[in-house]
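# Close look at the chain arrangement
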Amino acid sequence: MGLSECVRQALCSYANTKTESARRNATGVSFNRLSLLLAVLIKHAKLKLFMQDVFVNVTAGIQLKETSSDLAIAVAVASSYIDHTIPSDMVFVGEIGLGGELRRSPYMEKRLVEAAKFGFKRAVVPAGDLPKSVIKGLKIFPCATLLDALYQVAPKEAWRNKKGRADREEEVE
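Attention in this report is confined to the structure presented alongside it. (Residues numbered from 1 in each chain as written. Predicted model: local features only at pLDDT ≥ 70, side-chain atom pairs only at ≥ 80, totals over all residues. Heavy atoms only, no water.)

## Describing the overall build of the protein
Condition: Per the convention used, a helix needs a DSSP run of H or I reaching at least four residues, while a strand needs a run of E reaching at least two, with both numbered from the N terminus. Buried means the residue's accessible area, taken with a 1.4 Å probe over protein chains only, is under 20% of the maximum for its type, while exposed means over 50%, and partly exposed covers the values in between. Any two residues having at least one pair of non-hydrogen atoms within 4.5 Å are treated as being in contact. The accessible surface values rely on the Shrake-Rupley method and a 1.4 Å probe; as for residues, cover is taken only from the protein chains in view.
Per the secondary structure count, the protein includes six helices and eight strands. With 173 residues in all, the protein has 42% of them scored as buried. Taking the contacts inside the protein whose residues are at least 6 apart along the sequence as the reference set, 71% of them involve residues at least 24 apart. When the accessible surface of the protein is summed, it comes to about 9200 Å², and 53% of that surface belongs to carbon and sulfur atoms.

Below is the structure:
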């Protein structure tokens, strides 16, 4: 199964936490894994996701069982929260530890070769998991932490604000 057939989608929307708890919905990924990734985003990226309904969907009916998709899921959630589109030519591969560090994933070089075949031009990967050879057409962005990876998607200023669109809308009301 190719990368283009396994799109990860995320949606964050303001939860009225005065009357109900924030909802979490995971389709195609373990609910427990999603909860862990949200906790890491709250702690290390300082995103106020505890006030957000969060929905994650892996398309094509795929059930992700390995942790190499952690980074892609976390970036999708974080990007939705700040309302910033992920560039369509970027791919994210790596496990995320509880400390926000990016960890190696098995078969990284094979994954990146496959990503290049599907037209991805940029790959964000754990700093300690670089391919041994150059992959034609693919620029590698090694990152040590989740926050480093988020800075590849949007400038630091976007993350420093740390308020999702829904939070800003609530302030206007």
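## Concerning helix H3 (residues 108–117)
Cut-off, in case you're wondering: The arc in question is traced by the directions running from the helix axis to the C-beta atoms.
By the burial criterion, the buried members of H3 are Met108, Arg111, Leu112 and Ala115. Along the long axis of H3, the arc covered by the buried residues comes to 95°, so they all point the same way. For H3, the exposed residues lying more than 90 degrees away from the buried face are Lys110 and Lys117. Once H3 finishes, Gly119 follows within two positions and takes phi at roughly 95°, a positive value.

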